[in-house]
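The lines below spell out each chain.
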Amino acid sequence: MAGSTEYKNKWLSENKERINLAVPKGYKDRAKAAATAEGKSLNSFIIEAINEKIEREAEYNE
C-alpha cells in the first residue's frame, strides 16, 4: 500500500508524543513481565501507572 508509512508517521506526529525513559539495568524486563502478566503492552502498562499516580496526587491535593 503506497503511502501508508507516510500516513502513519503523519498521524503519529499529530496525535502522539514520545517520552525517552532511562531505567536501571533489568528494570525493563521486570516491567515487561508485569505488563505481560496483566495482558498489556509495556506502553499501556506504563501509561496506566502514570495515570494512577496523577489521579492519586490529584485526590491527595484536593
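Here is what the cut-offs are and how they apply
Residues numbered from 1 in each chain as written. Predicted model: local features only at pLDDT ≥ 70, side-chain atom pairs only at ≥ 80, totals over all residues. Heavy atoms only, no water. 1 Å grid on protein atoms, 1.4 Å probe; cavity = no way out; pocket = protein on both sides within 12 Å on 5 of 7 lines; lining within 4 Å. Points joined across faces, edges and corners; volume = space filled by probe spheres on them. Helix = DSSP H or I, 4+ residues; strand = E, 2+ residues; numbered from the N terminus. Nonpolar A, V, L, I, M, F, W, Y, C, P; charged D, E, K, R; others polar. Patch = residues over 30% accessible without salt bridge, like charges linked within 9 Å, V, L, I, M, F, W, Y side chains within 5 Å. Areas by Shrake-Rupley, 256 points an atom, 1.4 Å probe, with all protein chains shown as cover. Salt bridge = Lys/Arg side-chain N within 4 Å of Asp/Glu carboxyl O. Buried < 20%, exposed > 50% of the residue type's maximum accessible area, 1.4 Å probe, protein only.

**Description of the layout of surface pockets**
Move 1: The space that makes up the largest pocket amounts to roughly 920 Å³.
Move 2: Ile-19, Leu-21, Asn-43, Ile-46 and Ile-47 are, among the 21 residues lining the largest pocket, the residues nearest its centre.
Move 3: Of all the secondary structure elements, the ones that give two or more residues to the lining of the largest pocket are α2 (27–37) and α3 (42–60).
Move 4: Here the lining of the largest pocket is composed, by residue class, of 14 nonpolar, two polar and five charged.

**Focus on a nonpolar patch on the surface**
Move 1: Where nonpolar side chains cluster on the molecular surface, the patch consists of Ile-19, Leu-21, Val-23, Tyr-27, Ile-46, Ile-50 and Ile-54 and spans about 670 Å² of accessible area.
Move 2: Broken down by element, the nonpolar patch gets its largest block of residues, three residues, from α3.
Move 3: As for its position among the elements, Val-23 is in the loop between α1 (4–15) and α2.
Move 4: Owing to a relative accessible area of 35%, Val-23 belongs among the partly exposed residues under this scheme.

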